[in-house]
Amino acid sequence: RSPIFHSKTRHDHNQREALPLLEILLSHILFAMALSTATVPQMAISRPSLPSQLRSAPAAPSARRAMASTSRRNALKVSAEENPILSIGSKLTGPLKPLMKAEAKWQAELAGAYDSSEVQAQIKAEITENPVVLYSYALSPFCMEAKKALDDSGCKYKLVNLGLEFFLMGAEPSRKRQEIGEMTGQTSMPHVFIGGESIGGMYSGTPGLQALVDSGELTQRLKDAGAL
């Protein structure tokens, strides 16, 4: 066979190998576009209300001090209703996690060889030097919701934008995402670290940001980390 025939055969073979990756990429793009239309729930800082008797009459100085103390203890309780569209979307992408982990590794390797221990050292420095770290994509509705939750809690946190979306990252962010996956088992974003510990994303992880909001534990975890 002629060299031209062999070259064409190899080219066709490479095209067939690339098709599954292109299909995965396209499905993620369409999924992200669909979720971008979802409404991000309004988060609020709930503050204790006074009994009607106290509202109708002036309080004594001792009563005012007691009410102020109670108010301080109960302030910054984050409340939010779960976004049903994003929650379902998170569950639907669960079975895709092995593919997403494989894609993350492929994308990092495509950017060229690198020292994984050096990248992990950078990540460890970020999550230990800051009480809260949010790794995020700028266009992801899941990341927008996680950012809103942290903003409304009033906590101090470091935002690390890895890119507009997973398929629009450069070499260094791709490597960082891969090594976050190696360290925690999760390559999807958002990824939140509180007090140097991974709590995962918005609806997944250990236990996930929404789970901490629902259980009422988020405020205490943020206080323990020095973020409030």
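Residues numbered from 1 in each chain as written. Predicted model: local features only at pLDDT ≥ 70, side-chain atom pairs only at ≥ 80, totals over all residues. Heavy atoms only, no water.

A.B. asks: Account for helix 7 (residues 141-153), naming residues and giving values.
C.D. replies: The terminal C-alpha atoms of helix 7 lie 18 Å apart, and with 13 residues this matches the ideal 18 Å at 1.5 Å per residue to within 8%. Every buried residue belonging to helix 7 is among P141, F142, C143, E145, A146, A149, L150, D152 and S153, and all of these are buried. Between a side-chain oxygen at the N-terminus of helix 7 and the backbone nitrogen of F142 the separation is 3.3 Å; the capping residue is S140. Looking one or two residues beyond helix 7, the residue adopting positive phi is G154, at roughly 80 degrees. (Helix = DSSP H or I, 4+ residues; strand = E, 2+ residues; numbered from the N terminus. Expected span 1.5 Å × (residues − 1). Buried < 20%, exposed > 50% of the residue type's maximum accessible area, 1.4 Å probe, protein only. Polar contact = N/O pair within 3.5 Å; in protein donor to acceptor, adjacent residues only side chain to side chain.)

A.B. asks: Can you break down the environment of E103 residue by residue, with the values?
C.D. replies: Note that E103 resides in helix 5 (residues 97-110). We classify E103 as buried; its relative accessible area is 13%. For E103 and T187, which are 84 residues apart along the polypeptide, the C-alpha to C-alpha distance reads 9.5 Å. Ignoring any residue separated from it by four or fewer positions in sequence, one finds E103 in contact with F166 and R177. (Contact = heavy atoms within 4.5 Å.)

A.B. asks: Give a detailed account of the pattern of salt bridges, specifying residues and quantitative values.
C.D. replies: Scanning the model with the defined rule gives five salt bridges in all. One salt bridge connects R221 with E197, and the closest N-O pair in it is separated by 4.0 Å. Of this pair, R221 sits in helix 10 (residues 218-224) while E197 sits in strand 6 (residues 197-200), and the two are 24 residues apart along the sequence. (Salt bridge = Lys/Arg side-chain N within 4 Å of Asp/Glu carboxyl O.)

A.B. asks: Tell me about the pairing of strand 3 (residues 132-137), and name the residues and values.
C.D. replies: Along strand 3, six of the six residues are buried, which leaves the element largely enclosed by surrounding structure. With burial as the criterion, each face of strand 3 is covered, one bearing V132, L134 and S136 and the other bearing V133, Y135 and Y137. Here four bridges tie strand 3 to strand 5 (residues 191-194), and the two strands are oriented antiparallel to one another. Residue pairing in the sheet places Y135 in a bridge with H191 of strand 5. For strand 3 and strand 4 (residues 158-163), the ladder comprises five bridges, and the chain directions are parallel. Note that in strand 4 the partner of S136 across the bridge is N161. Handedness of the crossover joining strand 3 and strand 4 through helix 7 is recorded here as right-handed. (Pairing = 2+ DSSP bridges. Right-handed = clockwise from strand over helix to strand, strands pointing away.)

A.B. asks: I'd like to hear about the packing of aromatic side chains, residue by residue, with values.
C.D. replies: Under the criterion given, the structure shown has two aromatic pairs. Taking the centre distance of 5.8 Å and the plane angle of 85 degrees together, the rings of Y135 and F193 count as edge-to-face. Placement of the pair is Y135 in strand 3 and F193 in strand 5, with a sequence separation of 58 residues. Both residues of the pair, Y135 and F193, belong to the buried class. Seen from their ring centres, F166 and F167 are 5.1 Å apart, and the 85 degrees between their planes marks the pair as edge-to-face. (Phe/Tyr/Trp six-rings, centres within 6.5 Å; stacked < 30°, edge-to-face > 60°.)

A.B. asks: Could you give an account of the sheet that holds strand 6, with specific residues and numbers?
C.D. replies: Taken in spatial order, the four strands line up as 4-3-5-6 in an open sheet, and their pairing is mixed. Pairing within the sheet leaves two strands with one partner each, and these edge strands are strand 4 and strand 6. For this sheet, the mean angle separating the axes of adjacent strands, direction not counted, is 20 degrees. Pairing between strand 5 and strand 6: three bridges, direction antiparallel. Each residue of the ladder has a partner; that of F193, found in strand 6, is S198. Taken strand by strand, helix 7 contacts strand 3 and strand 4, and its axis lies near 155 degrees from that of strand 3. (Axes fitted to C-alpha atoms, helices over the stretch in contact; angles between N-to-C directions.)

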